[in-house]
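# Results of the structural survey
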Amino acid sequence: MIASATVFAGASMRVSRLMLVTLRDDPAEAEIPSHKLLLRAGYIRRLSSGIYAYLPLLWRVLQKISAIVRQEMDATGALETLLPQLQPAELWERSGRWAGYTAGEGIMFHLTDRQGRELGLGPTHEEVITTLAADLLRSYRQLPVNIYQIQTKFRDEIRPRFGLMRGREFIMKDAYSFHGDEDSLKQTYAAMDLAYRRIFERCGLRTVAVEADSGAIGGSASQEFMVTAEAGEDLILASADGRYAANQERAVSLPPEALPLPAGPRAGGVGEPLSTPGQTTIEQLCGAHGFEPSQLVKVLLLLARFADGQVQPLLISLRGDQQLNEVKLANTVAARLTPAHGALLAIDPLTPELVRSEQLSLDLRGIPFGYLGPDLDDAVLAKAPEEMGLDRSESPVGAPGDGGASSSAEARLVRSFLRLADATAVDLVAFVCGANAVDGHRVGASWTGLGLRPEPLDLRAAQSGDRCLHDPDQCLQAARGIEVGHIFQLGRKYSEALGARFTNESGVDEALWMGCYGIGVSRLAQAAVEQHHDRDGICWPVAIAPFEVIVVIANTQEQAQVELAEGLYNELSAAGVEVLLDDRSERAGVKFKDADLIGIPWRVVVGRGAATGQVELVRRAGSEKCELPANAVRARLETELSRGRAGEPAVR
RNA sequence: CGGGGCGUGGCGCAGCUUGGUAGCGCGGGUGCUUUGGGAGCACUAGGUCGCAGGUUCGAAUCCUGUCGCCCCGACCA
């Protein structure tokens, strides 16, 4: 017999004792199916935005998921631990993340203790674990190690959403590995990849592993595990042959061929002026003059804000038929300017509101929006003329000591553009672009003609339908996904910042290599519901169901039914089956509806056939039914359950 | 934070335009009938109409402020 991951072997319960409250109507607060069902079926209750109570049924689900995670992590040799959630600011200051995580859009709840010391409530544990590693790991002989915990994380999300999907308090498994060299890191990373695939499969989830952006955590390679579902917040792009899959934030592809301008190549051209009054969009321009979007270079103006208060204007050139990928842009900008200006805090389109809120003196009237060319003169960023009354009327009011929107560092506008161009734009020999003057464009311009030599960058968003790099015959297909896991190769970023060093074989002191590996346990539970439900309710995979079987007494007035059901309940329970007995004096219909809603994988109905010892067995997913003698139920269920406990195939 | 919406018994909602008695369905309790797909009848309990000001003889309703919640964007497991 295959070992069950369950921590509840034999645990049983009566529905009348379960504090179960199911709702007939969809709660107004929920939008997506899984959130509605978890509320309706009595799994969760909201306490405040993004803060939920896990009711007894859900707690069992979470415990079962945790048990699977624990088994698979332990099988890789990882060590379970439990780290503090209250973390001193000093630690985060050393890693350089305190300001970014607490100020402004920062995500860390923080507080001051009675001694005036600042503390943060852990949103993640790189700082704590790296400090411990610095203390405990001294020699290559101790390496590699992988340490994990399953515990509540706190994140003051900008927008909590969809119940457990994006909570401000949620349960996460996080693991951190330490290595003497990069190869060892890669081995553990690969082992985690495999362990994660097993975990999700055992939980009964259909997942896809995708290349991912590393984001704020930092580091090089990273991969996300997505539960495919309509309600997913992420867009996945994958090839049909299964060889390439990536988060759209990260995805690469071959752009569609550009159509050359009809008059042929005009290398070195500066472009013929074209009068285009009122034609400020690509559609208008193409509609009026018969251009194709791929013959245009569009130019976007954005502002990048840095921790030191510098505000850098960005001038981005893209081929007219392409879209900007803001994640790629942010990574590019951060790579170039973070060393000088500190963390990149935000990139926003240049708008009058933004200019005003940052109190930057910039006269937007000098900028010919809708007619921008890649060679737009830095002079448009010159200090605003004194007569520009806009700022003057507002700033004296907001300025004196109200401190409202003012950030720690005073915003200063850099007076020259950072010009970046996507390769699709750079590759155009001749193109149409704005004339940098209202109501005019240029036809047949070229990069050399404009006096520019842009470096071809990847700033474009890959799209569904694009051809793949690994095989141009393959196209990218789009799907939505819920991120339930993410693994990173961190490298030495944190170990260097926090002084986590060891002595290598040659007696030389060096920084540890690190990896980190997360699973959103509570999110996973809801993602499972998102993937396994029907119009009547949840259909839990056996491995993570709160109970495996529910025995329903159709009519509690019938002594024969009660006795048979009680006997079955005791027998199953004694046999190690997690069984729920619906002993409530409700009508049968109510109990059937509730059983469907809460989604117990198997239902045994003790009803009319009780007198002759016959009961009905119903599988929740698919509702297949069969009649059988009560004394055959245990054997039958044990066969069926052993399959599910081991992790049933995700697709039936 | 910007944009949109909503706060009325435990849950889902009406009432607000045009100020005057707080209402419906579900749920809870009691009784009778019913008893294999959210039963019927009767009785019953339960509401500071988010909160605070204001206008008015009178505010759920009008005005101002404020708090909370949900949805769309930036963040992420």
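Nothing here was measured: the structure is a model prediction, and the numbers come from that model.

Attention now goes to the overall build of chain A. Looking only at helices and strands, one finds 16 helices and 33 strands in chain A. Once the C-alpha set of chain A is aligned to its principal axes, its extents read approximately 95 × 65 × 55 Å. Taking all 652 residues of chain A together, 52% fall into the buried category. Restricting to contacts in chain A with at least 6 residues of sequence separation, those with at least 24 account for 72%. Of the side-chain charges in chain A, 67 are positive and 85 negative, and the distance between the mean point of each set is 4 Å.

This part is about the packing of aromatic side chains. For the coordinates displayed, the defined rule picks out 6 aromatic pairs. Summarising the aromatic geometry, the rings of Trp92 and Tyr101 are spaced 5.2 Å apart at their centres and angled 55° between planes, so their arrangement reads as tilted. Across this residue pair, the class does not change: Trp92 and Tyr101 are buried. Taken together through their ring pairs, the aromatic side chains of Tyr196, Phe200 and Phe225 make up a single cluster. Sitting over the face of the ring of Phe547, Arg60 holds its NZ or CZ atom 3.8 Å from the ring centroid.

A large share of helix α13 (residues 521-531) lies buried, amounting to 11 of its 11 residues. Where α13 is concerned, the buried positions are Val521, Ser522, Arg523, Leu524, Ala525, Gln526, Ala527, Ala528, Val529, Glu530 and Gln531.

Let's shift gears to the sheet that holds strand β30 (residues 579-582). Spatially, 6 strands are ordered β1-β30-β29-β31-β32-β33 in an open sheet, and the strand pairing comes out mixed. Of all strands in the sheet, those bounded by a partner on one side alone are β1 (12-14) and β33 (625-629). Across the sheet, the mean angle from the axis of one strand to that of its neighbour is 20°, orientation sign disregarded. Relative to strand β32 (residues 614-619), strand β31 (residues 602-606) is paired through 4 bridges, and the arrangement is antiparallel. From the neighbouring strand, Val604 faces β32, where its bridge partner is Leu617. Contacting β29 (549-553), β31, β32 and β33, helix α16 (residues 633-645) crosses the sheet at an angle of about 170° to β31.

Let us look at the pairing of strand β9 (residues 169-179). The buried fraction of β9 amounts to 10 of the 11 residues, a majority that puts the element mostly inside the structure. Across 8 bridges, the pairing between β9 and strand β26 (residues 513-520) is antiparallel. Residue pairing for β26: Phe178 is matched across the bridge by Met514.

Spatial strand order, β5-β7-β6: 3 strands in an open sheet with antiparallel pairing. Each edge of the open sheet is held by one strand with a lone partner, namely β5 (86-88) and β6 (110-112). Between one strand axis and the next, the sheet turns by 35° as a mean value, whatever way the strands run. As paired strands, β6 and strand β7 (residues 118-121) are joined by 3 bridges and run antiparallel to one another. Looking at the pairing, His110 lines up with Gly120 of β7.

Glancing now at the domain arrangement of chain A. Looking at chain A, the domain boundaries give domain 1 (12-18 + 538-645), domain 2 (65-222 + 482-530) and domain 3 (270-394 + 405-457). Between domain 1 and domain 2, the C-alpha centre-to-centre distance is 41 Å. The partner domain 2 presents 8 residues to the 5 residues of domain 1 that form the contact. Contact with domain 2 buries area across many residues of domain 1, yet Trp540, Pro541 and Ile544 alone supply 67% of it, more than any other trio. Run the count over domain 1 and domain 2 and you get 0 salt bridges. Counting the contacts that link domain 1 with domain 2 gives 0 residue pairs in polar contact (both at pLDDT 80 or more).

What follows concerns the protein's contact with RNA strand B. With respect to spatial proximity, 53 residues lie near RNA strand B, and among them Arg24, Ile158, Arg159, Asp596 and Arg603 are the closest. Near-protein atoms of RNA strand B (within 4 Å) split between backbone and bases, with sugar and phosphate holding 49%. Separating a base nitrogen of RNA strand B from a side-chain N or O atom of Asp594 is a distance of 3.0 Å. At the level of elements, β2 (44-48), β9, β23 (476-491), α15 (588-598) and β31 are the ones that each hand at least two residues to the surface near RNA strand B. Per-element accounting of the surface near RNA strand B gives the leading share, 8 residues, to α15. Residues that form the surface near RNA strand B fall into these classes: 19 nonpolar, 11 polar and 23 charged.

With 5 of its 5 residues buried, β31 lies for the most part within the structure. The side-chain alternation of β31 yields two buried faces, one formed by Trp602, Val604 and Val606 and the other by Arg603 and Val605. As defined by bridge partners, β29 adjoins β31 across 5 bridges and the pair is classed as parallel. Bridging from a neighbouring strand, Val549 pairs with Trp602 of β31.

Turning next to the layout of surface pockets. Empty space within the second largest pocket amounts to approximately 380 Å³. Taken together, 20 residues line the second largest pocket, and the ones lying closest to its centre are Thr280, Lys298, Val299, Leu300 and Gly370. When residues of the lining of the second largest pocket are traced back to their parent elements, those giving at least two are α7 (282-289), β15 (297-306) and β20 (431-434). Among the elements that make up the lining of the second largest pocket, the one with the highest residue count is β15 (5 residues).

For the α-helix, the turn length of 3.6 residues means that residues three or four positions removed from each other point alike. Within the span of α7, buried status applies to Ile282, Leu285 and Cys286. Projected onto a plane normal to the axis of α7, the buried residues spread over an arc of 95° and lie on a single side. Away from the buried face of α7 by more than 90 degrees, exposed residues Glu283 and Gly287 are located. Contact partners of the buried residues in α7: β15, β20 and β21 (440-445). A positive backbone phi angle near 75° is found at Gly290, which sits one or two residues after α7.

What follows deals with the nonpolar core. Judged by nonpolar contacts, the single largest core of 65 residues is most densely connected at Leu38, Tyr43, Leu58, Ile65, Tyr196, Phe200 and Trp540. Among the elements that take part in this core, helix α2 (residues 56-75) stands out by supplying 8 residues, more than any other. Here this core spans two domains, and each of domain 1 (12-18 + 538-645) and domain 2 (65-222 + 482-530) adds at least three residues to it. Core analysis: the next-biggest nonpolar cluster, separate from the first, contains 28 residues, Leu301, Leu376, Leu428 and Cys433 among them.

Here we take up the pattern of salt bridges. Per the counting criterion, the structure on display carries 41 salt bridges. Taking the shortest distance from any N to any O, the salt bridge between Asp26 and Lys36 comes out at 3.8 Å. Separated by 10 residues along the polypeptide, Asp26 in the loop between β1 and α1 (33-40) and Lys36 in helix α1 bring together distant segments of the chain. Classification of Asp26 as partly exposed rests on a relative accessible area of 44%. Residue Arg319 is joined to Asp321 by a salt bridge in which the shortest nitrogen-to-oxygen separation is 2.8 Å. By relative accessible area, which is 4% here, Arg319 ends up buried. Put simply, Glu157, Arg161, Arg166 and Glu233 are held in one network by salt bridges that share partners.

Rules and cut-offs
- Residues numbered from 1 in each chain as written.
- Chains lettered and ligands numbered in written order.
- Predicted model: local features only at pLDDT ≥ 70, side-chain atom pairs only at ≥ 80, totals over all residues.
- Heavy atoms only, no water.
- Helix = DSSP H or I, 4+ residues; strand = E, 2+ residues; numbered from the N terminus.
- Buried < 20%, exposed > 50% of the residue type's maximum accessible area, 1.4 Å probe, protein only.
- Contact = heavy atoms within 4.5 Å.
- Lys, Arg positive; Asp, Glu negative; His and termini not counted.
- Charge placed at Lys NZ, Arg CZ, Asp CG, Glu CD.
- Phe/Tyr/Trp six-rings, centres within 6.5 Å; stacked < 30°, edge-to-face > 60°.
- Lys NZ or Arg CZ within 6 Å of the ring centre and 35° of its normal.
- Pairing = 2+ DSSP bridges.
- Axes fitted to C-alpha atoms, helices over the stretch in contact; angles between N-to-C directions.
- Domains from an automatic or database assignment.
- Buried area = accessible area lost by both parts, 1.4 Å probe.
- Salt bridge = Lys/Arg side-chain N within 4 Å of Asp/Glu carboxyl O.
- Polar contact = N/O pair within 3.5 Å; in protein donor to acceptor, adjacent residues only side chain to side chain.
- Near = heavy atom within 4 Å.
- Nonpolar A, V, L, I, M, F, W, Y, C, P; charged D, E, K, R; others polar.
- 1 Å grid on protein atoms, 1.4 Å probe; cavity = no way out; pocket = protein on both sides within 12 Å on 5 of 7 lines; lining within 4 Å.
- Points joined across faces, edges and corners; volume = space filled by probe spheres on them.
- Arc of directions from axis to C-beta.
- Core = buried A, V, L, I, M, F, W, Y, C linked by side-chain atoms within 4.5 Å.

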